[in-house]
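# Close look at the chain arrangement
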Amino acid sequence: MLDREGFRPNVGIVLLNAKNQVFWGKRIRTHSWQFPQGGIKHGESPEQAMYRELHEEVGLKQEHVRLIARTRDWLRYEVPDHFIRREARGHYKGQKQIWFLLQLTALDSDLNLRATDHPEFDAWRWNDYWVPLDAVIEFKRNVYQLALTELARFLPRGQGHHQNRFLRSGVRTPSRDVPRSPFGAVERSAHAQDLAANTGQSPEEPS
């Protein structure tokens, strides 16, 4: 399912633990790490697709998490031609994504990378919120930067935050628990105000 510009609708998931660390998965049989993501099927809302992908990729169900926020608008990345199947070249351009911020309310042991017959990851770890972008495939890095920066202001406070060792020298974390982006200034989404009053609810490549 592609839009008129050749982008496939997709969701991305930033999953937090109680320390505001994020789930970081290693793609199966590769050395690249990423957040869970996947395509939106025909007839699905972004939120429905997110919960389906959450179960398929990390074995969690809706009752295992708390929905905190989502990005207001689609974030797009283009896929280089050599990563696109030959038959799709010329009409498939890349992904457009809605990103969701979730908090794990269950145990680490509830995570299951083998929840389906087609696992996406073969290892995982908890990582500081500002993940090392050099571990992410290059064409996705800007979207990761935009998503993490927009969602950072929704991080739960008072639950601990470890200063990110990947921050540039001289960059400090603000006095409150919301960490500053090491990627530089990115325009803040107006969706922040929409969700601030209703944090438990959500409006709306192949992975």
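Along each chain, residues carry numbers from 1 onward, in the same order as the chain's sequence is written. At least 70 in pLDDT is required for a residue's local features to be given in this predicted model, at least 80 for side-chain atom pairs to be given and counted, and no such filter applies to totals for whole chains, interfaces and linings, which use all residues. In computing side-chain values, all of the structure's heavy atoms are included and hydrogens and water are not.

### Remarks on the nonpolar core
Residues enter a nonpolar core if they are buried and are Ala, Val, Leu, Ile, Met, Phe, Trp, Tyr or Cys, with the set joined through side-chain atoms within 4.5 Å. Only protein chains enter the area calculation, which uses a 1.4 Å probe; residues under 20% of their type maximum are buried, those over 50% are exposed, and those in between are partly exposed. Within the largest apolar cluster, 30 residues are counted, with the highest numbers of intra-cluster contacts made by Val14, Phe35, Trp99, Leu101, Tyr129 and Leu151. In this text, helices come from DSSP runs of H or I with a minimum length of four residues, and strands from runs of E with a minimum of two, each type numbered from the N-terminal end. Top element by residues in this core is helix 2 (residues 141-151). It accounts for 5 residues. Contacts were defined at the residue level, with two residues in contact if any of their heavy atoms lie within 4.5 Å. When near neighbours in sequence (up to four residues on either side) are disregarded, phenylalanine 35 contacts Ile13, Val14, Val22, Phe23, Trp24, Trp99, Phe121, Val131, Tyr144 and Leu148. Counting residues in hydrophobic clusters, the runner-up holds 21 residues, among them Ile13, Phe23, Ala49 and Leu54.

### Points about helix 1 (residues 46-58)
Along its 13 residues, helix 1 runs 18 Å from first to last C-alpha, staying within 8% of the 18 Å computed at 1.5 Å per residue. Here helix 1 has its buried residues at Pro46, Ala49, Met50, Tyr51, Arg52, Glu53, Leu54, Glu57 and Val58. Buried residues in helix 1 make contact with strand 1 (7-16), strand 2 (22-27), strand 4 (37-39), strand 5 (65-70), strand 7 (94-104) and strand 8 (121-127). Looking one or two residues beyond helix 1, the residue adopting positive phi is glycine 59, at roughly 75 degrees. Helix span is expected to be 1.5 Å times the residue number reduced by one.

### With respect to the packing of aromatic side chains
Each Phe, Tyr or Trp ring, with Trp reduced to its six-membered ring, pairs with another whose centre is within 6.5 Å; inter-plane angles below 30 degrees give stacked pairs, above 60 give edge-to-face pairs, and intermediate values give tilted ones. With the rule as written, the count across this model stands at 11 aromatic pairs. Between phenylalanine 35 and tyrosine 144, the ring centres sit 5.1 Å apart and the planes meet at 15 degrees, which makes this aromatic pair stacked. With phenylalanine 35 in the loop between strand 3 (33-34) and strand 4 and tyrosine 144 in helix 2, the pair connects residues that are 109 residues apart, well separated along the chain. Residue class for phenylalanine 35 comes out buried when judged on its relative accessible area of 1%. Judged by its relative accessible area of 1%, tyrosine 144 is buried. Aromatic side chains tyrosine 77 and phenylalanine 139 sit 5.7 Å apart centroid to centroid with 40 degrees between the ring planes, which places their arrangement in the tilted category.

### What about unusual backbone geometry?
Despite not being glycine, asparagine 20 shows a phi value in the positive range, around 60 degrees. By the secondary structure assignment, asparagine 20 is in the loop between strand 1 and strand 2. Residue classification places asparagine 20 among the buried residues on the basis of a relative accessible area of 1%. Of note in the backbone geometry, arginine 29 takes a positive phi value of approximately 60 degrees without being a glycine. Here arginine 29 lies in the loop between strand 2 and strand 3.

### Focus: the pairing of strand 1
Where a strand is regular, its side chains alternate between the two sheet faces. In terms of burial, strand 1 is a largely internal element, 9 of the 10 residues being buried. The pairing of strand 1 with strand 4 spans 3 bridges and is antiparallel. If you follow asparagine 10 over to strand 4, its bridge partner there is glycine 39. Any two strands between which DSSP finds at least two bridges are classified as paired.

### Some thoughts on the pattern of salt bridges
Throughout this description, the term salt bridge denotes a Lys or Arg side-chain nitrogen within 4 Å of a carboxyl oxygen of Asp or Glu. On inspection of all chains with the given rule, the structure shows 10 salt bridges. With its nearest N and O atoms 3.0 Å apart, the salt bridge here joins arginine 52 to glutamate 53. For glutamate 53, a relative accessible area of 6% translates into the label buried. Several salt bridges share partner residues, and in doing so they unite Glu44, Arg52, Glu53 and Glu56 into one network.

Note that all results are geometric; they support no functional claim without further evidence.
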